[in-house]
Amino acid sequence: MLIWQILIDGFAISSLYALGATGFTLIFGVTGVLNLSHGAIMVAAAVAAWAASGNFGAGAYLAAAFGVVVALLLALATYYLVVRRLQLSRAVREEEKEIFILTATLLWGIMIQEAIAYLFTNNAKTVLPIVDGVVTILGVRTPANEIFTALVCWATIGGLWLFVNRTLAGKAVLAASMNPRGVTLLGIELSTVYVGVWAIYGALAGVAGVLLGMFLGVSSYSAGPLTASAFSIVVLGGLGSVSGSLIAAYVVGYLETLTAYLVSPAYRAIPALLLLVVVMYVRPRGLMGRR
């Protein structure tokens, strides 16, 4: 019975990690930016959904949509107010801009985290679930919302795959990740592609954040661990590799679930971090990294 419980719970949390890491990887693969405000944006989405339902009486669907919109707006604000300004700055040398942007997104994330704590306290918030009830799978009673979470995560990832591979706009995004200069020579405005990618990222982070709030609940303290998990997953899978990130998300998710059930929830992150250290020594470019 325990093994089925671990398999089911691990699948749900891994699906959430996969969705969050997909957006994180998309940003790096296309724009070359490691966005360290990622966890704060996810938490902001969940808290916004919680506030919409609890303080303003919005229904579960409307509250979830509001949370996603907040994450999208914060992602665009991150691009325009932080990343883009540094990219265009003449005061920072070109070879130093990457580390400046990395540091700036980290500080921006801390600002978002502190604003959430100030406005809504540090107490954990649970978003109103869209699906209620319990289902029995392989003899294990499982919240229906847990199954819903995994299904929505994979439906969203599938939708992103169709967008990238089946639409002209998606192919422009794919081309920008491979050869930005070539995209410019074709007459496509690269800055427009980047804005679109940040908007897609915001929507993905918003969906992941709201679902996490429904599944486990979040607080302002969750921002750091969420960013660390996403960073660990994309490094383990290989920077810039979406397929590698998806595989790594399930490796990390199941390692954490096994540790939580068999050892203690307090140590759930340690095995994944140890694995990351080993991979960085043995295969620095990750499982399927291109760079």
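A brief structural summary. (Residues numbered from 1 in each chain as written. Predicted model: local features only at pLDDT ≥ 70, side-chain atom pairs only at ≥ 80, totals over all residues. Heavy atoms only, no water.)

**A closer look at the overall build of the protein chain**
Secondary structure assignment for the protein chain yields eleven helices and two strands. When the elements of the protein chain are put in sequence order from the N terminus, they spell out α-α-α-α-β-β-α-α-α-α-α-α-α. In terms of C-alpha radius of gyration, the protein chain reaches 19 Å, essentially the compact-globule figure of 19 Å for 291 residues. The principal-axis extents of the C-alpha atoms in the protein chain amount to approximately 60 × 50 × 35 Å. Classification of the 291 residues of the protein chain by burial places 51% in the buried group. Long-range contacts, defined here as pairs at least 24 residues apart, represent 75% of the contacts in the protein chain between residues at least 6 apart. Carbon and sulfur atoms make up 70% of the accessible area of the protein chain, which amounts to about 14,000 Å² in all. (Helix = DSSP H or I, 4+ residues; strand = E, 2+ residues; numbered from the N terminus. Rg over C-alpha atoms; globule rule 2.2 N^0.38 Å. Buried < 20%, exposed > 50% of the residue type's maximum accessible area, 1.4 Å probe, protein only. Contact = heavy atoms within 4.5 Å. Areas by Shrake-Rupley, 256 points an atom, 1.4 Å probe, with all protein chains shown as cover.)

**Remarks on the nonpolar core**
If you look at the biggest cluster of nonpolar residues, it comprises 79 residues, and the most contacted ones within it are Ile112, Trp198 and Val210. The element best represented in this core is helix α8 (residues 190-215), accounting for 14 residues. Excluding anything up to four places from it in sequence, Ile112 contacts Ala40, Ile41, Ala44 and Leu74. (Core = buried A, V, L, I, M, F, W, Y, C linked by side-chain atoms within 4.5 Å.)

**Some thoughts on the packing of helix α2 (residues 38-54) against helix α9 (residues 223-237)**
Taken N-terminus to C-terminus, the directions of α2 and α9 make an angle of 125 degrees; their axes are 7 Å apart at the nearest point. Judged on the interaxial angle alone, α9 and α2 are oblique. Crossing handedness for the pair α2 and α9: right-handed. Across from His38, Gly39, Ala40, Met42 and Val43 in α2, the residues of α9 making contact are Ala223, Leu226, Thr227 and Ala230. Per-class residue counts for the contact of α2 with α9 are six nonpolar, three polar and no charged. (Axes fitted to C-alpha atoms, helices over the stretch in contact; angles between N-to-C directions. Parallel < 35°, antiparallel > 145°, perpendicular 65-115°, else oblique. Left-handed = near helix turned anticlockwise from the far one by under 90°. Nonpolar A, V, L, I, M, F, W, Y, C, P; charged D, E, K, R; others polar.)

**Details of the pairing of strand β1 (residues 134-137)**
In regular strands, side chains alternate between the two faces of the sheet. Across four bridges, β1 lies against strand β2 (residues 140-143) in antiparallel orientation. In the strand pairing of β2, Thr136 is matched with Arg141. A loop of two residues connects β1 with β2, the two strands running antiparallel in sequence, and Leu138 in this loop sits at a positive phi of about 55 degrees. (Pairing = 2+ DSSP bridges.)

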